[in-house]
Amino acid sequence: MLILLPPSETKDSGGDGPPVDLGALWLPELADARRALVDALTRLSADVPATARALGISEAQAEELAQVNAALWSSPTRPALARYTGVLYDALAVATLTKAQRAKADARLAIGSALFGVVGAGDQIPSYRLSAGSKLPGFGTLAAHWKPVLEPALANAGLGLVVDLRSGGYHQLGKASGAITATVVTERADGSRSVVSHFNKHHKGLLARALATTRAEPADLKGVAAVARKAGLRVETPSATELVIVT
């Protein structure tokens with residue numbers, strides 16, 4: 001089983017790993033596509049206004065983040081699962097896992113990335129700033145860059161059951177065929193429901209933690225739902241590949 005997580009805009013800085021080795025990351029066949037983006041992002045960092053436009057941020061933010069992106073080839077790395085922060089990763093709470101649980105999490109989790117396509121939980125990566133909706137000079141959309149190489153790489157990886165928790169923009173970078181997806185809805189007192197936005201990442205983080213650490217080996221949606229329910233989540237399965245978390 002593989003659980004695909006979304007990345008986060010916020011990232012922990014620093015690290016004690018060596019500079020990034022693109023060929024050592026999960027799915028090394030993506031190395032050329034990764035290198036093209038890393039090179040483009042480091043070049044772009046010399047132009048703060050252009051960085052702001054490409055990343056969709058203010059020039060004040062861009063001035064700081066351009067320095068981060070400028071050092072992509074030389075900055076220290078840390079495991080991807082420790083690099084990303086935010087609501088989903090707070091709920092995943094990697095720091096509280098036992099050694100055995102962390103080993104399972106490293107084997108079962110991967111993370112979507114606008115810069116690297118997708119990385120394994122234990123892959124050593126630098127801090128960076130690039131989102132699925134960013135538009136780099138000289139490139140079309142990032143989906144156009146990634147989809148032709150990422151989708152075949154995922155299809156040929158022999159992943160077995162995939163639970164894809166990535167957000168819409170990262171789905172577009174490269175879909176995992178046949179993957180189970182999850183939607184979070186809130187149920188009101190009158191029985192009506194609406195898609196959750198604020199707590200969406202939190203509940204997906206709880207689901208990811210349950211799936212990453214379970215002793216079970218789910219082979220289908222029924223097995224995924226059983227693990228979720230055991231973890232205290234209220235879930236439904238409206239279709240063969242969709243899990244709905246009800247809050």
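Notes on the structure in this doc start here. (Residues numbered from 1 in each chain as written. Predicted model: local features only at pLDDT ≥ 70, side-chain atom pairs only at ≥ 80, totals over all residues. Heavy atoms only, no water.)

### Thoughts on the overall build of the protein
So, point 1. Along the protein, the regular secondary structure elements total ten helices and ten strands.
So, point 2. Dimensions of the protein, computed from the C-alpha atoms along their principal axes, are close to 50 × 40 × 35 Å.
So, point 3. Across the 247 residues in the protein, those meeting the buried criterion constitute 49%.
So, point 4. In the protein, the proportion of contacts linking residues at least 24 apart, taken out of those at least 6 apart, comes to 70%.
So, point 5. With an accessible surface of roughly 11,200 Å², the protein has 53% of that area assigned to carbon and sulfur atoms.
So, point 6. Put simply, the protein has 26 plus and 22 minus side-chain charges, and the middle of one group is 6 Å from the middle of the other. (Helix = DSSP H or I, 4+ residues; strand = E, 2+ residues; numbered from the N terminus. Buried < 20%, exposed > 50% of the residue type's maximum accessible area, 1.4 Å probe, protein only. Contact = heavy atoms within 4.5 Å. Areas by Shrake-Rupley, 256 points an atom, 1.4 Å probe, with all protein chains shown as cover. Lys, Arg positive; Asp, Glu negative; His and termini not counted. Charge placed at Lys NZ, Arg CZ, Asp CG, Glu CD.)

### A short note on the nonpolar core
So, point 1. Core analysis: the largest hydrophobic core is formed by 80 residues, its most contacted members being Ile-3, Leu-5, Leu-81 and Phe-116.
So, point 2. For this core, the element with the most residues is helix α1 (residues 31–44), which contributes seven residues.
So, point 3. Residues in contact with Ile-3, not counting those within four places in the same chain, are Arg-108, Leu-109, Ala-110, Val-163, Leu-165, Ala-208, Leu-211 and Ala-212. (Core = buried A, V, L, I, M, F, W, Y, C linked by side-chain atoms within 4.5 Å.)

### Examining helix α7 (residues 142–155)
So, point 1. Taking 1.5 Å per residue as the helical rise, α7 with its 14 residues ought to reach 20 Å, and the 19 Å between its terminal C-alpha atoms agrees with that figure.
So, point 2. The largest bend along α7 measures about 35° and falls at Pro-148.
So, point 3. Where α7 is buried, its residues contact α1, β3 (109–113) and β4 (117–120). (Expected span 1.5 Å × (residues − 1). Bend = angle between axes of the 7 residues up to and from the residue.)

### Points about α1
One turn of an α-helix holds 3.6 residues; hence residues three or four places apart share an orientation.
So, point 1. Taking 1.5 Å as the rise per residue, α1 with 14 residues should run 20 Å; its terminal C-alpha atoms sit 20 Å apart, in good agreement.
So, point 2. Residues of α1 that are buried include every one of Ala-31, Ala-33, Arg-34, Leu-37, Val-38, Ala-40, Leu-41, Thr-42 and Leu-44, and no others.
So, point 3. Buried residues in α1 make contact with α2 (48–55), α3 (59–70), β4 and α7.

### Brief notes about the pattern of salt bridges
So, point 1. Scanning the model with the defined rule gives eight salt bridges in all.
So, point 2. In this structure, Asp-32 and Arg-35 form a salt bridge, with 3.2 Å as the shortest nitrogen-oxygen distance. Of this pair, Asp-32 and Arg-35 both sit in helix α1, three residues apart, which is roughly one turn of that helix.
So, point 3. A salt bridge links Glu-217 to Arg-108, with the shortest nitrogen-to-oxygen separation between them at 2.9 Å. (Salt bridge = Lys/Arg side-chain N within 4 Å of Asp/Glu carboxyl O.)

### Quick notes on the pairing of strand β1 (residues 2–5)
So, point 1. Taking every second residue as pointing to the same face, both faces of β1 are buried, with Leu-2 and Leu-4 on one and Ile-3 and Leu-5 on the other.
So, point 2. Pairing of β1 with strand β6 (residues 162–164) involves three bridges; the strand directions are parallel. In the strand pairing of β6, Leu-4 is matched with Asp-164.
So, point 3. The sheet contact formed by β1 and β3 spans three bridges and is parallel. (Pairing = 2+ DSSP bridges.)

### A closer look at the layout of surface pockets
So, point 1. Of the voids in this model, the largest pocket is the one considered here, and its volume is about 300 Å³.
So, point 2. As for the largest pocket, its lining consists of 21 residues, of which Pro-6, Pro-7, Ser-8, Glu-9 and Lys-201 are closest to the centre.
So, point 3. Every element with two or more residues in the lining of the largest pocket is listed here: α5 (87–92) and α9 (200–213).
So, point 4. Among the residues making up the lining of the largest pocket, the classes are represented as nine nonpolar, seven polar and five charged. (1 Å grid on protein atoms, 1.4 Å probe; cavity = no way out; pocket = protein on both sides within 12 Å on 5 of 7 lines; lining within 4 Å. Points joined across faces, edges and corners; volume = space filled by probe spheres on them. Nonpolar A, V, L, I, M, F, W, Y, C, P; charged D, E, K, R; others polar.)

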